[in-house]
Amino acid sequence: MLVLTRKSNESIMIGDDIEVSVLAVMGEKVRIGIQAPRDIPVFRKEVYLEIQDERVSARAETPAEVDEAIRGLSETR
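Residues numbered from 1 in each chain as written. Predicted model: local features only at pLDDT ≥ 70, side-chain atom pairs only at ≥ 80, totals over all residues. Heavy atoms only, no water.

Turning next to the pairing of strand β1 (residues 11-14). Within a regular beta strand, the side chains point alternately toward one face of the sheet and then the other, so they alternate between its two faces. When β1 meets strand β2 (residues 18-26), the two strands line up antiparallel, connected through four bridges. By the bridge assignment for β2, Ser11 is matched with Ser21. The loop that links β1 with its antiparallel partner β2 comprises three residues; one of these, Gly15, has a positive phi angle of about 65°. (Pairing = 2+ DSSP bridges. Helix = DSSP H or I, 4+ residues; strand = E, 2+ residues; numbered from the N terminus.)

Another point: the sheet that holds β1. Taking strand neighbours across the sheet as the criterion, the three strands line up as β1-β2-β3 in an open arrangement whose pairing is antiparallel. The open sheet is flanked by β1 and β3 (29-35), the only strands paired with a single partner. Direction aside, neighbouring strands of the sheet carry axes that sit 25° apart on average. (Axes fitted to C-alpha atoms, helices over the stretch in contact; angles between N-to-C directions.)

Let us look at the pairing of β2. Inspection of the sheet shows β2 paired to β3 by seven bridges, in the antiparallel sense. Pairing of Met26 across the sheet is with Lys29, part of β3. Hairpin geometry of β2 and β3 is characterised by an intervening segment of two residues between the two adjacent antiparallel strands and by a positive phi of about 65° at Gly27.

Along the chain, Asp16 turns up in the loop between β1 and β2. As a C-alpha pair, Asp16 and Ala36 span 20 residues in sequence and 9.6 Å in three-dimensional space.

With that settled, the discussion passes to the pattern of salt bridges. Overall, the coordinates contain two salt bridges when judged by the stated rule. Arg6 is paired through a salt bridge with Glu10; the nearest N and O atoms lie 3.6 Å apart. A residue is classified by how much of its surface remains accessible, and Arg6, at 39% relative accessible area, is partly exposed. One salt bridge in this structure joins Arg44 and Glu46, with 2.7 Å as the shortest N-O distance. Of the residues examined, Glu46 reaches a relative accessible area of 47% and is grouped as partly exposed. (Salt bridge = Lys/Arg side-chain N within 4 Å of Asp/Glu carboxyl O. Buried < 20%, exposed > 50% of the residue type's maximum accessible area, 1.4 Å probe, protein only.)

Take a nonpolar patch on the surface next. Residues Val25, Val30, Ile32, Ile34, Ile40 and Val42 make up a contiguous nonpolar surface patch of roughly 490 Å² in combined accessible area. Looking at which element gives the most residues to the nonpolar patch, the answer is β3, with three residues. By the element assignment, Val42 lies in the loop between β3 and α1 (45-76). Using a relative accessible area of 45% as the deciding quantity, one classes Val42 as partly exposed. (Patch = residues over 30% accessible without salt bridge, like charges linked within 9 Å, V, L, I, M, F, W, Y side chains within 5 Å. Areas by Shrake-Rupley, 256 points an atom, 1.4 Å probe, with all protein chains shown as cover.)

It is worth stressing that arrangement in space is one thing and function is another; only the former is reported here.
Set out below in structure tokens:
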């Protein structure tokens, strides 16, 4: 992990397209701004992990749904 020290109104660059700026420091909280191309999703980590869990759940359910659909087709013939 790269650890950098920045003050308010200072930024770091990730590649050529992503800028992370420190907007304010208030006690233990830091307000940051992220400029990134629209095609790069940016999420808080807890939201990202929830999305990943939903994707895993959806993949786990898919084979059962396919099996059920196949059984339904074979029963109608």
